[in-house]
Amino acid sequence: MPKLILDSPDALKNLVGQEIAVTGWFNVTQERIQQFADATLDHQWIHVDVERARRESPFKAPIAHGFLTLSLLPHFMHEALEIKQGIRLGVNYGLNRVRFVSPVPTGSNIRARIALQSLKDVTDGMEAIFNATVEVEGGTKPSCVAEWVVR
């Protein structure tokens with residue numbers, strides 16, 4: 001699905017309740033998993049010890065941190081949506097619900113499906129709630145589902 005380009009934030013009002021994007025595939029490398037482990041100090045072996053994960057993990061390979069998958073939502077949103085004018089800045093306001101449904105083995109390709117659940121005016125801006133579903137190529141279940149609040 002091509003990037004959705006809107007003239008202004010008001011154009012989002014017509015998209016409430018709709019899927020607004022399916023992003024391209026993004027490869028989750030072992031190098032990226034290691035960089036995330038280093039940044040967060042989460043070096044659990046299931047993520048960073050390739051040989052042990054091959055031997056002992058039920059997934060037979062290292063898997064990405066759930067929070068790594070979640071942290072890619074801004075990347076996916078940037079790929080999915082551009083608003084030409086009327087936005088000074090956007091901030092993550094939080095998450096109402098997040099579930100890590102299935103693992104993302106190293107080397108997997110993932111993408112996001114993004115739907116605009118709601119939109120409301122707030123002081124000096126708008127608040128959008130997006131439903132984001134991260135899929136693993138060839139998987140039967142999503143890896144992550146999140147209700148993401150952006151202002």
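Figured I'd write up the structure that's included with this text.

About the thresholds
Residues numbered from 1 in each chain as written. Predicted model: local features only at pLDDT ≥ 70, side-chain atom pairs only at ≥ 80, totals over all residues. Heavy atoms only, no water. Helix = DSSP H or I, 4+ residues; strand = E, 2+ residues; numbered from the N terminus. Buried < 20%, exposed > 50% of the residue type's maximum accessible area, 1.4 Å probe, protein only. Lys, Arg positive; Asp, Glu negative; His and termini not counted. Charge placed at Lys NZ, Arg CZ, Asp CG, Glu CD. Phe/Tyr/Trp six-rings, centres within 6.5 Å; stacked < 30°, edge-to-face > 60°. Lys NZ or Arg CZ within 6 Å of the ring centre and 35° of its normal. Salt bridge = Lys/Arg side-chain N within 4 Å of Asp/Glu carboxyl O. Pairing = 2+ DSSP bridges. 1 Å grid on protein atoms, 1.4 Å probe; cavity = no way out; pocket = protein on both sides within 12 Å on 5 of 7 lines; lining within 4 Å. Points joined across faces, edges and corners; volume = space filled by probe spheres on them. Nonpolar A, V, L, I, M, F, W, Y, C, P; charged D, E, K, R; others polar.

Comments concerning the overall build of the chain
Then, number 1: Of regular secondary structure, the chain possesses five helices and eight strands.
Then, number 2: Taken from N to C terminus, the helices and strands of the chain fall in the order β-β-β-α-α-α-α-α-β-β-β-β-β.
Then, number 3: Dimensions of the chain along its principal axes, counting C-alpha atoms only, are 55 × 30 × 25 Å.
Then, number 4: For the chain, with 151 residues in total, the buried portion stands at 38%.
Then, number 5: The average position of the 16 basic charges and that of the 17 acidic charges among the side chains of the chain differ by 4 Å.

Focus on the packing of aromatic side chains
Then, number 1: Per the counting criterion, the structure on display carries three aromatic pairs.
Then, number 2: Centre to centre, the rings of Phe26 and Phe76 are 6.2 Å apart; their planes meet at 85 degrees, and the pair counts as edge-to-face. Residue Phe26 is found in strand 3 (residues 26-27), and its partner Phe76 is found in helix 5 (residues 73-80); the two are separated by 50 residues along the sequence. Neither Phe26 nor Phe76 differs from the other in exposure class; each is buried.
Then, number 3: The positively charged end of Arg151 is found above the aromatic ring belonging to Tyr93, 3.8 Å away from the centroid.

A closer look at the pattern of salt bridges
Then, number 1: Per the stated rule, a full pass over the model turns up 11 salt bridges.
Then, number 2: For Glu19, the salt bridge is made with Arg113, and the minimal N-O distance between the two is 3.2 Å. Taken as a pair, Glu19 in strand 2 (residues 19-22) and Arg113 in strand 6 (residues 109-122) lie far apart in primary sequence, 94 residues in all.
Then, number 3: The exposure class of Glu19 is partly exposed, given its relative accessible area of 39%.

What about the pairing of strand 6?
Then, number 1: By the bridge criterion, three bridges tie strand 2 to strand 6 in an arrangement that is antiparallel. Its bridge partner lying in strand 6, Glu19 is registered against Ala115.
Then, number 2: Of the strand pairs in this sheet, strand 6 and strand 7 (residues 125-136) are connected by 12 bridges, and their pairing is antiparallel. Of the residues in strand 7, the one forming a bridge with Ile110 is Val136.

Comments concerning the layout of surface pockets
Then, number 1: Estimated volume of the largest pocket: approximately 830 Å³.
Then, number 2: As for the largest pocket, its lining consists of 28 residues, of which Ile87, Leu89, Gly90, Val150 and Arg151 are closest to the centre.
Then, number 3: Counting only elements with at least two residues in the lining of the largest pocket, the list comes to helix 5, strand 4 (81-83), strand 6, strand 7 and strand 8 (144-150).
Then, number 4: For the lining of the largest pocket, the element with the most residues is strand 7, which contributes five residues.
Then, number 5: Looking at the lining of the largest pocket, its residues break down into 16 nonpolar, six polar and six charged.
Then, number 6: In this structure, the second largest pocket occupies an estimated 170 Å³ of space.
Then, number 7: Around the second largest pocket sit 13 residues that line it, and Ile63, Ala64, His65, Gly66 and Phe100 are the ones nearest its centre.
Then, number 8: It is helix 4 (residues 66-71) that provides the largest number of residues to the lining of the second largest pocket, a total of three residues.

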